[in-house]
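Understanding the architecture of this molecule
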Amino acid sequence: MSEIKITGYKCKACGRVHYPKHEQCLTCKGRDFEPLTPDGNARLLAYTQIFNLPWGFDERFLIIGVGEFENGIKAMGQIKADSLDKIKTGMELKPSWEPVRHQYGEPVYGLKFKPLE
Ligand SMILES: [Zn+2]
């Protein structure tokens, strides 16, 4: 399994975690950040189903969601599920870094979430 190549930025003043990076903290307007990598599993905050995928995807549709990691990083990823039936907000997800599509014959890596419930 590949390492998840996402870096969050934790405000040194108030502790708010930003991903992607912002110039200023959205809470306290601080400008000092500490880099942070995703830790542990994630909890599903929101999800949606996407049809009409861009070129490079083999799937008929994708389910994507925003997961919040245990250390506060929020990131969007592809949910490994065939339908929305068992997907619900608040559920626990196991993150992984895998090929999500192909571009010019090369795999493009991205975040995926596997539902654990
Ligand atoms: Zn702050």
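Just so you know, these numbers come straight off a predicted model, no measurement behind them. (Residues numbered from 1 in each chain as written. Predicted model: local features only at pLDDT ≥ 70, side-chain atom pairs only at ≥ 80, totals over all residues. Heavy atoms only, no water.)

Structural notes on the coordination of the zinc ion
- Donor atoms from the polypeptide that coordinate the zinc ion comprise Cys11 (SG), Cys14 (SG), Cys25 (SG) and Cys28 (SG), at 2.3 to 2.4 Å from the metal.
- Between the four donor atoms coordinating the zinc ion, the angles at the centre fall across 102 to 118°, so the site counts as tetrahedral.
- Taken in sequence order, the residues that donate to the zinc ion follow the motif C-x2-C-x10-C-x2-C. With cysteine 14 in the loop between β1 (8-11) and β2 (17-18) and cysteine 25 in the loop between β2 and β3 (33-36), this pair connects stretches of sequence that are eleven residues apart.
- Relative accessible area serves as the criterion here: at 3%, cysteine 25 is assigned to the buried category. (Donors = N, O, S within 2.8 Å, 3.2 Å for Na, K, Ca; no water. Tetrahedral: all angles 85-135°; square planar, octahedral: opposite > 155°, others 65-115°. Helix = DSSP H or I, 4+ residues; strand = E, 2+ residues; numbered from the N terminus. Buried < 20%, exposed > 50% of the residue type's maximum accessible area, 1.4 Å probe, protein only.)

Details of unusual backbone geometry
- At the junction of tyrosine 19 and proline 20, the peptide bond is cis and its omega measures out at -5° in the coordinates.
- With a phi angle near 65°, lysine 29 is a residue other than glycine that sits in the positive phi range.
- Within the secondary structure layout, lysine 29 lies in the loop between β2 and β3.
- For lysine 29, a relative accessible area of 57% translates into the label exposed.

A short note on the pattern of salt bridges
- Following the criterion strictly, the structure yields two salt bridges and no others.
- Among the salt bridges present, the one from glutamate 98 reaches lysine 80, with a minimum N-O distance of 2.6 Å. You can see glutamate 98 sitting in strand β7 (residues 92-103) and its partner lysine 80 sitting in the loop between β6 (74-79) and β7, a full 18 residues away along the chain.
- Note that lysine 112 is salt-bridged to glutamate 98, the shortest N-O span being 3.9 Å. Here lysine 112, found in strand β8 (residues 106-115), pairs with glutamate 98, found in strand β7; they are 14 residues apart in sequence, far enough to count as distant.
- Counted as one network, the salt bridges with shared partners bring together Lys80, Glu98 and Lys112. (Salt bridge = Lys/Arg side-chain N within 4 Å of Asp/Glu carboxyl O.)

Structural notes on the layout of surface pockets
- One number sums up the size of the largest pocket: a volume of about 150 Å³.
- Around the largest pocket sit Ile50, Phe57, Leu62, Ile64, Met76, Gly77, Gln78, Val100, Arg101, Val108 and Leu111, which together line it.
- Put simply, the parts of the chain that give the lining of the largest pocket at least two residues each are β5 (62-69), β6, β7 and β8.
- Looking at the lining of the largest pocket, the element that brings in the most residues is β6, giving three residues. (1 Å grid on protein atoms, 1.4 Å probe; cavity = no way out; pocket = protein on both sides within 12 Å on 5 of 7 lines; lining within 4 Å. Points joined across faces, edges and corners; volume = space filled by probe spheres on them.)

Regarding the nonpolar core
- Judged by nonpolar contacts, the single largest core of 18 residues is most densely connected at Ile6, Phe69, Leu111 and Phe113.
- Mapped onto this core, the elements with two or more residues apiece are β4 (42-50), β5, β6, β7 and β8. (Core = buried A, V, L, I, M, F, W, Y, C linked by side-chain atoms within 4.5 Å.)

Some details on the side chain of asparagine 41
- With respect to the helices and strands, asparagine 41 occurs in the loop between β3 and β4.
- At 3.0 Å, the side chain of asparagine 41 and the side chain of glutamate 92 are in polar contact.
- In this structure asparagine 41 touches Glu68, Phe69, Glu70, Glu92, Leu93, Lys94, Pro95 and Leu116, once residues within four positions along its chain are discounted. (Polar contact = N/O pair within 3.5 Å; in protein donor to acceptor, adjacent residues only side chain to side chain. Contact = heavy atoms within 4.5 Å.)

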